[in-house]
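Descriptive structure summary
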Amino acid sequence: GRLAAGMAHELGTPLNVVSGRAQMIASGDLLPAEAARNATIISEQARRMTTLMRQLLDFARRGSTRREPTSLEHLVRGVLNLLASSAAKKDVSLGMHADPELPQVAVDPAKMQQVVTNLILNGIQATPRGGRVDVELSYLKAGETNGMQNDTAKIVVQDTGPGIPPENLDQLFEPFFTTKDVGEGTGLGLSIVYGIVEEHGGRIEVASPPGEGARFTLYLPFEAAQ
Ligand code: ADP
């Protein structure tokens, strides 16, 4: 229900703009320069809706999870390579530290890639120039402080950005919660992350101690739950 309400809201605004501007053009009363400006606005709004649709498709595709033994180190390295140029553009350094003992984990590689991408990209976006986003991969035995029943892989994504205000922590994983400007964030990224982690029987936590940036921690059981 919340997703549908959010959708209606998120699509309603750009659709209003598109129809208003299209009517202005259709009236035939505009100077060519004004018509061109309105056409540009229409195209920006269309792009905003396309982004939203793409994210909604990601959301809907959650149904089928195909797990296979996966090297998380390899997967994260691939994502870091893909995001290297976005990070370089913002002068943000990316780093990874992986426990060499970490065995392969049964995950859906495409979905886990999306999880890691969303977390690192959020980190890059939040971090000012000269900052860092670091990923750490480690191995936890059952019961080691994280409350999980089985052996788990732990993935930490830590940035050096401003962190997350305490009053936002509770809503972070809700669909459509965003603090970014209209057209820049849809607020679906972390809700998709949350859904995928749940499907894997895992857990995600967020911490933002004052002055330390944001830290997202993922716990993934090695085997699919029966
Ligand atoms: P979006 O990125 O489209 O806003 P997300 O669901 O990915 O949607 O994130 C929701 C909100 O969580 C962001 O708008 C931002 O306020 C906050 N957030 C997420 N990651 C970070 C981070 N690394 N540092 C600070 N704030 C963050």
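These notes cover the structure that comes with them.

Scoring rules and cut-offs
Residues numbered from 1 in each chain as written. Predicted model: local features only at pLDDT ≥ 70, side-chain atom pairs only at ≥ 80, totals over all residues. Heavy atoms only, no water. 1 Å grid on protein atoms, 1.4 Å probe; cavity = no way out; pocket = protein on both sides within 12 Å on 5 of 7 lines; lining within 4 Å. Points joined across faces, edges and corners; volume = space filled by probe spheres on them. Helix = DSSP H or I, 4+ residues; strand = E, 2+ residues; numbered from the N terminus. Nonpolar A, V, L, I, M, F, W, Y, C, P; charged D, E, K, R; others polar. Pairing = 2+ DSSP bridges. Axes fitted to C-alpha atoms, helices over the stretch in contact; angles between N-to-C directions. Contact = heavy atoms within 4.5 Å. Expected span 1.5 Å × (residues − 1). Bend = angle between axes of the 7 residues up to and from the residue. Buried < 20%, exposed > 50% of the residue type's maximum accessible area, 1.4 Å probe, protein only. Salt bridge = Lys/Arg side-chain N within 4 Å of Asp/Glu carboxyl O. Near = heavy atom within 4 Å. Polar contact = N/O pair within 3.5 Å; in protein donor to acceptor, adjacent residues only side chain to side chain. Areas by Shrake-Rupley, 256 points an atom, 1.4 Å probe, with all protein chains shown as cover. Sits in = over half its atoms within 2 Å of the grid points. Core = buried A, V, L, I, M, F, W, Y, C linked by side-chain atoms within 4.5 Å. Phe/Tyr/Trp six-rings, centres within 6.5 Å; stacked < 30°, edge-to-face > 60°.

1. Let's talk about the layout of surface pockets
Reported here for the largest pocket is a volume of approximately 1200 Å³. Taken together, 47 residues form the lining of the largest pocket, with N122, Q125, T178, K180 and G185 sitting closest to its centre. Elements with a minimum of two residues in the lining of the largest pocket: α1 (2–26), α2 (32–60), α4 (109–126) and α6 (189–199). The class makeup of the residues in the lining of the largest pocket is 19 nonpolar, 20 polar and eight charged.

2. Let's talk about the sheet that holds strand β6 (residues 203–207)
The strand order β2-β4-β5-β7-β6 describes an open sheet built from five strands, whose pairing is mixed. If you trace the sheet from one side to the other, it starts and ends with β2 (93–98) and β6, each paired once. Across the sheet, the mean angle from the axis of one strand to that of its neighbour is 15°, orientation sign disregarded. Here β6 pairs with strand β7 (residues 215–221) via five bridges, running antiparallel. Along β7, the bridge assignment pairs I204 with L218. Helix α3 (residues 72–89) rests against β2, β4 (132–140) and β5 (152–159) of the sheet, and its axis sits at about 175° to β2. Here α6 sits on the sheet in contact with β6 and β7, set at roughly 140° to β6.

3. Section: α1
Spanning 25 residues, α1 covers 36 Å between terminal C-alpha atoms, matching the ideal 36 Å at 1.5 Å per step. For α1, the principal kink sits at G12 and spans about 25°; a proline, P14, occurs within the next four residues. Those residues of α1 that sit buried are G6, E10, L11, P14 and V18. Of the surrounding elements, those touching the buried residues of α1 are α2. Just beyond α1, the residue with positive phi is G28, at close to 75°.

4. Thoughts on the pattern of salt bridges
A full pass over the atoms with the stated rule returns six salt bridges. Measuring nitrogen to oxygen at the nearest pair gives 2.8 Å for the salt bridge that ties R132 to D134.

5. Regarding the site of the ligand
In the vicinity of the ligand lie 18 residues, with D159, T178, T179, K180 and L190 positioned nearest. Within the side chain of D159, an N or O atom sits 2.8 Å from a nitrogen atom of the ligand. Considered on its own, the ligand offers 540 Å² of accessible surface; in the complex 92% of this is hidden by protein. Of all the cavities here, the one that holds the ligand is the largest pocket. At the level of elements, α4 and α6 are the ones that each hand at least two residues to the shell around the ligand. Here the shell around the ligand gets three residues from one element, more than from any other, and that element is α4.

6. Let's talk about the nonpolar core
Core analysis: the largest hydrophobic core is formed by 46 residues, its most contacted members being M112, L119, I120, F216 and L218. L218 has contacts with M112, V115, L119, A153, K154, I155, V197, R203 and I204, leaving out every residue within four places of it along the chain.

7. Section: the packing of aromatic side chains
With the rule as written, the count across this model stands at three aromatic pairs. Judged by centre distance (5.5 Å) and plane angle (45°), the ring pair of F173 and Y194 falls under tilted. Remark: Y194 occurs in helix α6 and F173 occurs in the loop between α5 (166–169) and α6; sequence separation between them is 21 residues. The exposure class of Y194 is partly exposed, given its relative accessible area of 36%. Ring centres of F173 and F216 lie 6.4 Å apart, and the angle between their planes is 90°; this geometry places the pair in the edge-to-face category. On the criterion of sequence distance, the pair formed by F173 in the loop between α5 and α6 and F216 in strand β7 is long-range, its members being 43 residues apart. Classification of F216 as buried rests on a relative accessible area of 6%.

Functional significance is not addressed by these values, which are geometric in nature.
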